[in-house]
Amino acid sequence: MSINKVKAVGYPLAAVFDVNDQKSFRMLILWLEENILHTYVPEKRTELQNIDSPSWDIAFKNYCESCSSPIKTTEHIDQLEWLLGVAIRLTYNKQKNKFDSETKKTLEVSTDVPMIIPSDNPIDNLDVNSSDFKEGIEKLADLLNISKHPDHKITLEAIHKFITKRLNEEAIKNPSTILPKGEAFPLEKVKGHKIESKDATVLHAMKVLRLTQLHRLRDLQTCINECIVAMQEVTSDPKTDTKLGKVGY
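Residues numbered from 1 in each chain as written. Predicted model: local features only at pLDDT ≥ 70, side-chain atom pairs only at ≥ 80, totals over all residues. Heavy atoms only, no water.

1. Some remarks on the overall build of the chain
- Of regular secondary structure, the chain possesses 10 helices and two strands.
- For the chain, the α and β elements follow one another from N to C terminus as α-α-α-α-α-α-α-α-α-α-β-β.
- With 249 residues in all, the chain has 20% of them scored as buried.
- Accessible surface for the chain amounts to roughly 19,400 Å². Of this, 56% is attributable to carbon and sulfur atoms. (Helix = DSSP H or I, 4+ residues; strand = E, 2+ residues; numbered from the N terminus. Buried < 20%, exposed > 50% of the residue type's maximum accessible area, 1.4 Å probe, protein only. Areas by Shrake-Rupley, 256 points an atom, 1.4 Å probe, with all protein chains shown as cover.)

2. Remarks on the packing of aromatic side chains
- The tally for this structure, following the rule as stated, stands at six aromatic pairs.
- With 5.6 Å between their ring centres and 80° between their planes, Phe25 and Phe60 make a pair best called edge-to-face. Residue Phe25 is located in helix 2 (residues 22–37), and its partner Phe60 is located in helix 4 (residues 56–66); the two are separated by 35 residues in the primary sequence. Pair check on accessibility: Phe25 and Phe60 agree, each one buried.
- Geometrically, the ring pair formed by Tyr40 and Tyr63 is edge-to-face, given 5.2 Å between the ring centres and 80° between the ring planes. Placement of the pair is Tyr40 in the loop between helix 2 and helix 3 (46–49) and Tyr63 in helix 4, with a sequence separation of 23 residues.
- Here Tyr40 falls in the buried class, since its relative accessible area comes to 10%.
- An aromatic cluster is present here, built from Tyr11, Phe17 and Trp31 joined pairwise through their rings. (Phe/Tyr/Trp six-rings, centres within 6.5 Å; stacked < 30°, edge-to-face > 60°.)

3. Some words on the nonpolar core
- Among the nonpolar cores identified, the biggest contains 26 residues, and Leu32 and Tyr63 are the most heavily contacted of them.
- Looking at this core element by element, the count peaks at eight residues for helix 2.
- Those residues in contact with Tyr63 that lie beyond four places of it in its chain are Ile29, Glu33, Leu37, Thr39, Tyr40, Leu48 and Leu83.
- Listed in part, the six residues of the second largest apolar core include Phe133, Leu144, Ile146 and Ile159. (Core = buried A, V, L, I, M, F, W, Y, C linked by side-chain atoms within 4.5 Å. Contact = heavy atoms within 4.5 Å.)

4. Section: the packing of helix 7 (residues 131–143) against helix 8 (residues 152–166)
- It is at 10 Å that the axes of helix 7 and helix 8 come closest, and there the two elements cross at 40°. Accordingly, the angle class assigned to the pair helix 7 and helix 8 is oblique. In the packing of helix 7 onto helix 8, the handedness of the crossing is left-handed. Within the contact between the two elements, helix 7 uses Phe133, Lys134, Ile137, Leu140 and Ala141 and helix 8 uses His152, Thr155, Leu156 and Ile159.
- Across the contact of helix 7 with helix 8, the residue classes tally to six nonpolar, two polar and one charged. (Axes fitted to C-alpha atoms, helices over the stretch in contact; angles between N-to-C directions. Parallel < 35°, antiparallel > 145°, perpendicular 65-115°, else oblique. Left-handed = near helix turned anticlockwise from the far one by under 90°. Nonpolar A, V, L, I, M, F, W, Y, C, P; charged D, E, K, R; others polar.)

5. Looking at a nonpolar patch on the surface
- Taken together, the side chains of Phe185, Leu211, Leu214, Leu217, Leu220, Ile224 and Ile228 present a nonpolar region at the surface, about 600 Å² in accessible area.
- Relative to the helices and strands, Phe185 resides in the loop between helix 9 (169–173) and helix 10 (200–235).
- For Phe185, a relative accessible area of 51% puts it in the exposed group. (Patch = residues over 30% accessible without salt bridge, like charges linked within 9 Å, V, L, I, M, F, W, Y side chains within 5 Å. Salt bridge = Lys/Arg side-chain N within 4 Å of Asp/Glu carboxyl O.)

6. Topic: the side chain of Gln79
- Its location among the elements puts Gln79 in helix 5 (residues 76–94).
- For Gln79, a relative accessible area of 8% puts it in the buried group.
- Apart from residues no more than four positions distant in its own chain, Gln79 is found in contact with Phe60, Cys64, Ser69, Ile71 and Thr73.

7. Quick look at the pattern of salt bridges
- Applying the stated criterion across every chain yields a total of seven salt bridges.
- In this structure, Glu33 engages Arg45 in a salt bridge whose closest nitrogen and oxygen atoms are separated by 3.1 Å. Here Glu33 is found in helix 2, whereas its partner Arg45 is found in the loop between helix 2 and helix 3, with 12 residues between them in sequence. The same class applies to Glu33 and to Arg45, which are both buried.
- Across the pair Lys161 and Glu157 runs a salt bridge whose closest N-O atoms are separated by 3.8 Å.

Spelled out as structure tokens, the structure:
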């Protein structure tokens, strides 16, 4: 759980709040109810106020139900996340003009500074241009027997395509569904390219690109045929009204 949410609602003990401490957790819930949420009338908050009571957890469960919490898990931290979200929304709506004005001033002062939103996701904090990241991509490419591109990001894209197509759960269970079928086509029989070259390597690459393009065109034609069949299934089943003496509407 992000402590920033606790700070955002203005909790005075945010600096020492410990979500794993039972007493600290219960005190925060009570503070949210008394200062922001106001789900209960003051007279009904007695059970929440008795934070040392062995029946506090039951009282908290009933409180979450009274708040119409959509959280189905029994984990208290999940309920707290949702309650903090509600509290932040209520706090914003209560002082909307103030927050909007401060945001506008901040944007006017720092128009040339990109807005960076901190993230708890480690992937968002990766330095994709670091030497460690590039080295990791190269090792992964070697492991999967994928040719490396001078631009490591393009290599990463190729790795992504290979993994999603060849190493997904369905492909692992049924490898035959993704393995090419039929005999290999001899590359020397590929024709149709207009560029001539005496370099055998260049000719070889041209033929590979030609086959790749033909493969994509075949996939496109398959999609077109499927669309035609689907349309024919709709249009070839007219409704007949014999009273009108004609077919269709």
